[in-house]
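# Residue-level structure breakdown
Chain by chain, the residues run as shown.
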Amino acid sequence: MRYWLMKSEPNVYSFDDLLKDGRTMWDSIRNYQARNFMRDDMKIGDQVLFYHSNAKPPGVAGIAEVVSEPYPDPVQFDPASNYHDPKSDPDNPRWILVDVKPVEALPRFVSLEELRGAKSLSEMPLLQRGQRLSIQPVTAAQFRAVRKMASKKPAASSGS
DNA sequence: GCCAACGTTGGC
DNA sequence: GCCAACGTTGGC
């Protein structure tokens, strides 16, 4: 089993939205590297850190799970969508996605600031300079470390 | 709103 | 294939 971090802007689609929906298509990803992770590397049962980006504060809100094989993102063929891709050939779709479902809301939100402060996470892609991918692999150890942080009180931070 | 860091596009 | 211009991401 593999572990991932997937970013979503909560004002667009939050972890609460996923809890409400019970399942969702991870659509509108228009980055080849992120697509390749979904198409080539994700397996049903993989565990996902659901990350709120462009949020105040940004951080991990919950755990999700991959629940489908990869399949074409239907949004790419929708001319009304911002994520329509007129260059994508229906016989050979360019954009591929998977479905995810919620596993649990974390006992508490773990902010980006707190992640940055954890030595065990220093290698996490999210925390590397210039890393902007919206889908990133994380190691089992990193996944467990985040989960564990969420079950404990926040460490004292230098700020505020 | 700023802007650094990347990714993509398209002329050549 | 190079690379300048442009667009996007996302923390701050």
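Anything mentioned here points back to the structure above.
One structure accompanies this document, and this report is about it. Per-chain numbering applies: the sequence of each chain, read as written, is numbered from 1 onward. Here the convention is simple: chains get letters from A, ligands get numbers from 1, in the order in which they are written. Reporting of local features is limited, given that this is a predicted model, to residues whose pLDDT is at least 70; pairs of side-chain atoms are given and counted only at 80 or more, and all residues count toward the totals for whole chains, interfaces and linings. Heavy atoms throughout the structure, all of them, feed into the side-chain values; hydrogens and water do not.

## Concerning the protein's contact with DNA strand C
As a structural note, the neighbourhood of DNA strand C is formed by Lys7, Tyr51, Ser53, Asn54, Pro58, Leu112, Arg116 and Arg132. Expressed as a percentage, the sugar and phosphate content of the atoms of DNA strand C within 4 Å of the protein is 68%. Here a polar contact means two N or O atoms within 3.5 Å. Within protein one must be a hydrogen donor candidate and the other an acceptor candidate, and residues neighboring in sequence count only if both atoms are side-chain atoms. With respect to DNA strand C, the backbone of Asn54 contributes an N or O atom lying 3.0 Å from a phosphate oxygen. Here a phosphate oxygen of DNA strand C sits 2.6 Å away from a polar atom, N or O, in the main chain of Arg132. Here the surface near DNA strand C is composed, by residue class, of three nonpolar, two polar and three charged. Put simply, a residue is near a molecule or strand once any heavy atom of it comes within 4 Å of that molecule or strand. By the convention adopted, Pro, Cys, Tyr, Trp, Phe, Met, Ile, Leu, Val and Ala count as nonpolar, Lys, Arg, Asp and Glu as charged, and the other residues, Gly among them, as polar.

## A closer look at the pairing of strand E7 (residues 99-111)
Bridging between strand E2 (residues 24-25) and E7 involves two bridges; their strand directions are antiparallel. Its bridge partner being in E7, Thr24 is matched across the sheet by Val100. Only strands that DSSP links by at least two bridges are regarded as paired with each other. Under the scheme used here, helices are H or I runs from DSSP no shorter than 4 residues and strands are E runs no shorter than 2 residues, and both carry numbers assigned from the N terminus.

## Some words on the sheet that holds strand E3 (residues 47-52)
Overall, mixed pairing links the six strands, which are arranged E2-E7-E4-E3-E1-E8 in an open sheet. Every other strand in the sheet has two partners, leaving E2 and strand E8 (135-138) as the edge strands with one partner each. The sheet contact formed by strand E1 (residues 3-8) and E3 spans six bridges and is parallel. Each residue of the ladder has a partner; that of Lys7, found in E3, is Tyr51. Should any heavy atoms of two residues lie within 4.5 Å, those residues are counted as being in contact. A fitted line through C-alpha atoms serves as each axis, taken over the contacting stretch for helices, and the angle formed by two N-to-C directions is quoted from 0 to 180°. On top of the sheet, helix H2 (residues 32-41) reaches E1 and E8; it is set at about 55° to E8, its chief contact. Sheet contacts for helix H4 (residues 140-150): E1, E3, strand E4 (59-66), E7 and E8; angle to E7, the most-contacted strand, approximately 55°.

## A closer look at the protein's contact with DNA strand B
Inspection of the region around DNA strand B gives Tyr32, Lys87, Arg129, Gly130 and Arg132 as its neighbouring residues. The sugar-phosphate portion of DNA strand B accounts for 65% of its atoms within 4 Å of the protein, the bases making up the rest. In the environment of DNA strand B, a base oxygen lies 2.8 Å from a nitrogen or oxygen atom belonging to the side chain of Arg132. Split into classes, the residues belonging to the surface near DNA strand B amount to one nonpolar, one polar and three charged.

Limitation: the analysis is restricted to geometry and does not speak to function.
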